[in-house]
Amino acid sequence: MAECDRVVSCTSSHTMDKSIILPPDEIFRNLENAKRFAIDIGGSLTKLAYYSTLQHKVAKVRSFDNTAKEAHGDKLYEIAVQEEVTARLHFIKFENAYIETCLDFIKDHLVNTDTKVIKATGGGAHKFKDLIEKKLGLNVDKEDEMTCLIKGCNFVLRNIPQEAFVYAKHADSEFRFQKTHPDIFPYLLVNIGSGVSIVKVESEDKFERIGGSSIGGGTFWGLGALLTKTKRFDELLQLASKGQHTNVDMLVKDIYGGSYGSLGLTGDLIASSFGKSATADKEFSKGDMAKSLLHMISNDIGQLACLYAKLHNLSRVYFGGFFIRGHPVTMHTITYSINYFTKGEVQALFLRHEGYLGAIGAFLKGAEEDNPNQYSWGENYAGSSGLMSVSPDMSPMQRARSGTFDMLEMDRLERQLVKLPLLQDPSSYIPDTVDLTEDALARDYWLYCFEDALDGVVKRAVASQPDLPEAQERAEKFRQKYRHKLQTLRQQPFAYGSLTVRSLLDTREHCLNEFNFPDPYSKIKQRENDGALKYYLKAVKTLDGLEWNERQFALIRGVLAGNVFDWGAKAVSDVLESDPEFGFEEAERQLEERPWLVDCYDQWFERLKGPPHRCALFFVDNSGVDIILGVMPFVRELLSRGTEVVLASNSGPALNDVTNNELQILTERIAAMDPVILDGLRDERLMLVQSGSSSPCLDLSRLDKVLATVVRERKTDLVIIEGMGRAIHTNYYAMLSCESLKMAVIKNSWLADRLGGKLFSVVFKYEVPTGKLSPDGSAPSPL
Amino acid sequence: MDKAKSMMDKKGASGPFHLANGQSQRGFQSPSVVSANGACSSSSSGHSHSSTNGENLHPLHHGDEPDCTGSPAKRSRLRRRTESVRRNRPPFPWFGMDIGGTLVKLVYFEPVDISAEEEQEEVENLKSIRRYLTSNVAYGKTGVRDVHLELRNLSMCGRTGNLHFIRFPTQAMHRFIQMGSDKNFSSLHTTLCATGGGAYKFENDFRTMADLELLKLDELDCLIRGLLYVDHVGFNGHPEAYYFQNPSDTQNCVKRPCTLDNPFPMLLVNIGSGVSILAVYSQDNYKRVTGTSLGGGTFLGLCCLLTGCETFEEALEMASKGDSTNVDKLVKDIYGGDYERFGLQGSAVASSFGHMMCKEKRDSISKEDLARATLVTITNNIGSIARMCAVNEKIERVVFVGNFLRINTVSTKLLAYAMDFWSKGQLTALFLEHEGYFGAVGALMELLKASDDL
């Protein structure tokens, strides 16, 4: 298995001294198109950053030219795989011992001749300046360490959801990831390198070193080495994690015989660090001394950090620097210290990509002309190693990997992402319904589920590219990569922030893209769209023949029945593959009868008797029957009622979800048949926007900026979210400031079980924010 | 806690403590023995502020202050007062004890106004205790009397005498208790006032080994009371407190005596084995702001481990000869000079023991350098925390006490420098000559006050 291969190769890389056994092209990826290098050389680790442009295969659909009466068979659009250029940031972390080998590799593969300068920061930048200039032929341009650190910190806080976490050693889940705060400033950054710097950051460009201490990581290392004759920092931490500080420290109870009650000092509190070694004539164990030293330094730093946080009235305090970097031991002692000194008022926060901050900042300094801060960036799960991938204290097996390379890759997103203006409380919004990091039972199930579905995904990926003979090989690579991710997540659920169904799905999409399977479902979607379109008029006609009351119910049932058609759900894809004729009517028959599992239909029906909504924002789900026979008739009814409709679909492909690109064509086709849709489009009462996402799930805090603008301008007063991924795995508990409708059919028996329902149970959740709706249904504008 | 209140005459007359002014004390008879135990129990009572009567709040006065030599009415009041004091005077010997984590501090009041009558009545073991303590400067292997700190001709509770300052390691506590037992201390019916953690830790040992009951006192109450008292009575005619003039200029840095005339508010930093930091607003109104475990015990403990030394004196001696810049990484070691972006001087320590990350440097470092670096690290850290507390509490005067500062000019000067430099002259560091003894003095005063409460 991939995991084992890695371990072996890295162990051997140790013995073979400074040579990389790992295929370097898997580490320094895409060097041919690399530019804008930056390097951060610390005391033991080097971090390299560069920017690359990727030739990326993307699936695009294109309408056939209708005027030319060619034979297209039955297809209404063609699928073209285009090469598109996207931008990616690469960050690689490796031990300083490999620096020369790495520079050689880069030199050999660097094609881009525009690059003249490499930005450098970190304590070692000076030391390696000549080597870098000689090897790469680039001019080393030094950047201020702290400035880089802060820039990097701002960048990850802004672009990576769940970057920051609280560490709780004895809790069910050690890592509690923080929801992204809409405003990242102000904060305190406590950087514990060899010394400690305490920096107050007030805005992108405004920060100030408000204090520091000389007692830091260097003190732990230097003093620890003297006391224990242990050379390496990691070994010292290992020693410390096994030691008993009470043998060395003088505790309150050693002085008082118990606690110092009147001051509330407990007996176990350290009164004097190393106090016992001053009076006792005995040998002290190395572990005990290392532990005492660790406590002494962590407590001291925690105390200073609290004093500064208090003085400057700051509650968000991030800790970083090599003392912290991925070491559970130091995260624990710092957390403990902060809790003690602030009585829980301030939480110690740590960052997943803390080790990269300097390199990211140096890179950003060098890339200012590319304006990286004007874009949104997203962590690429396929190309990034997770948290703790090289932590020394994870397990003995992991320890052998300390020679491995840790990577972070970030993709430039096509569109700038912002939060939905209709979130009731953006700062408390969490997209995901279940945090699998905390829910072990659910985690086991979903990890199993995704592993189980892997064969099918591989098969479909291969099938999607029948003309490309090497597709099989790529698909196998995809399988390995994703399986490895799943295995990592089983061991370390926290590796990429909170583990959720969404993150598992997104990781799969990233891995598929990585191996150039941009849209494995393109053909299926095409076929289903074609098929469903043929029934559109018939479906509309049937609906139009119904009484108003009946029609309202039929429309909702239609959306729900359409939603049964989902290739992303295992239960359904089994049926779909075995029986392609699984029809719309049959889907309707499968649907649960009312009362549904969650059933707000009566309230919705009452609401419909009231005045029409001004504008509805509809997050759509699947291609084919779902969008064409389920959603479109419903949209049509809304338009007829006088409600404007904004259809939000994915910017990029994910499973069989309809993409914005496809929806454009589909809507045009429907408009050609249906004057209601045509008029809507013409009068711009029906708008198609992209969500900014390429995920089967939905994060309402990261949406396309255009969408947010439209929502605001149109004074949207109804949000409709459809499908399991968007309305159940995510957003089930999302609170909106306007009316909302969440509709989904549960196509997973385990999940149905959990929710107290059964397969094909229906969730129909209609919510009105409190105080927004008067009984007659005249909802005041939320905006 | 307003334990001091009870020491005050409500009418604002002089308190029970006086510097001897010769004649006035003569003729006082030996005190009739009162039930000290009874007095003890009331020591925790009497909490109310007396700040409204507009008179000198300080209960402690020099004997030559006007109210002692003033009008006949005042004199008569004073006489009545002293009579009452005399009646309530506790029996000798008078001790105050502070049992810390590392050191036991003992103050002993040696009466020098003993009349012939009194001398005759004095029981033998009381005499022997007095002779033993006053005729020696060292006790056993580890006990020391700090002769240079002795306060002479002090008037306390109507008696004149000398206050002696004695210390010994807490490790020797059991030998000390044994001695108390051997000398049949319990027959003297005195109350042993003790503060510090050891008062709690060893309480049972005192009881079972020597049949002695301790009057346990809070260490911070005692510290403040003792400090204010010693500052008030002065150091044999000289001020008790001092500061450093030109602390940021090593060439012209000089020690200058001063008084804490108006001591409040002050940030009191007590550096013993560990460190306590108090914000003191009046004798009875204070709070413990914070503390740190990096204190004197850490310095000595690390020095012992790093250099193999055994005593504080040895450690300081080594430190005085060492150079910490061989051990610590300075800003200039990293940046080649000042780190201008953040206004850090090149000479500032960037990483304590930072050079010791490197094996070659570890192998060639001297013990003296290590001792010095340990001292500088601990001292700077205390300075840094104290400074932050002073800023947070908005207090400009920072008073450093505790035995860590004994014979430790490296630290006192460094603290003075740190306060001055990092606050740009806003903060002043003050020090006191009787560094570590205030808790013990405060305990002694509690003994005298306890009797006065009757």
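Criteria and thresholds
- Residues numbered from 1 in each chain as written.
- Chains lettered and ligands numbered in written order.
- Predicted model: local features only at pLDDT ≥ 70, side-chain atom pairs only at ≥ 80, totals over all residues.
- Heavy atoms only, no water.
- Helix = DSSP H or I, 4+ residues; strand = E, 2+ residues; numbered from the N terminus.
- Buried < 20%, exposed > 50% of the residue type's maximum accessible area, 1.4 Å probe, protein only.
- Salt bridge = Lys/Arg side-chain N within 4 Å of Asp/Glu carboxyl O.
- pLDDT = per-residue confidence, 0-100.
- Contact = heavy atoms within 4.5 Å.

So, about unusual backbone geometry. All names here are of chain A. Cis geometry marks the peptide bond from Phe185 to Pro186; its omega dihedral reads -10°. Following the sequence through the fold, Pro186 ends up in the loop between strand E7 (175-177) and strand E8 (187-192). Pro595 follows Arg594 through a cis peptide bond whose omega is -5°. With respect to the secondary-structure elements, Pro595 resides in the loop between helix H19 (584-590) and strand E18 (598-599). Even without being glycine, Phe760 reaches a positive phi, approximately 70°. Within the secondary structure layout, Phe760 lies in the loop between helix H26 (749-754) and strand E25 (762-767). Judged by its relative accessible area of 9%, Phe760 falls in the buried class.

Residue and element names in this part refer to chain B. Under the defined criterion, the tally for this structure stands at 61 salt bridges over all chains. Ionic pairing is found between Glu393 and Lys287, a salt bridge with its closest N-O pair at 2.9 Å. A residue pair is termed long-range when its members are at least 10 positions apart, and Glu393 in helix H14 (residues 367-393) and Lys287 in strand E14 (residues 286-292) qualify at 106 residues. A residue is classified by how much of its surface remains accessible, and Lys287, at 39% relative accessible area, is partly exposed. Between Lys449 and Glu446 there is a salt bridge, with its nearest N and O atoms 3.0 Å apart. Here Lys449 pairs with Glu446, and both are found in helix H16 (residues 438-452), just 3 residues apart, close to one helical turn. Note on Lys449: relative accessible area 1%, which makes it buried.

Once that is clear, we can look at the environment of Leu76(A). Residues and elements named next belong to chain A. With respect to the helices and strands, the residue Leu76 is situated in the loop between strand E2 (45-63) and strand E3 (77-95). The exposure class assigned to Leu76 is buried, which follows from its relative accessible area of 7%. Sequence-wise, Leu76 and Val61 are 15 residues apart; in three dimensions their C-alpha atoms are separated by 9.9 Å.

On to the confidence of the model for chain A. Residue and element names in this part refer to chain A. The predicted model of chain A has a mean per-residue pLDDT of 86, with 89% of residues at 70 or higher. Ignoring residues within four places in sequence, the model shows residues 1-21, a span with pLDDT below 50, making 38 contacts including any to other chains. Within the model, pLDDT remains below 50 along residues 773-783, and this stretch shows 26 contacts once partners closer than five positions in the same chain are excluded.

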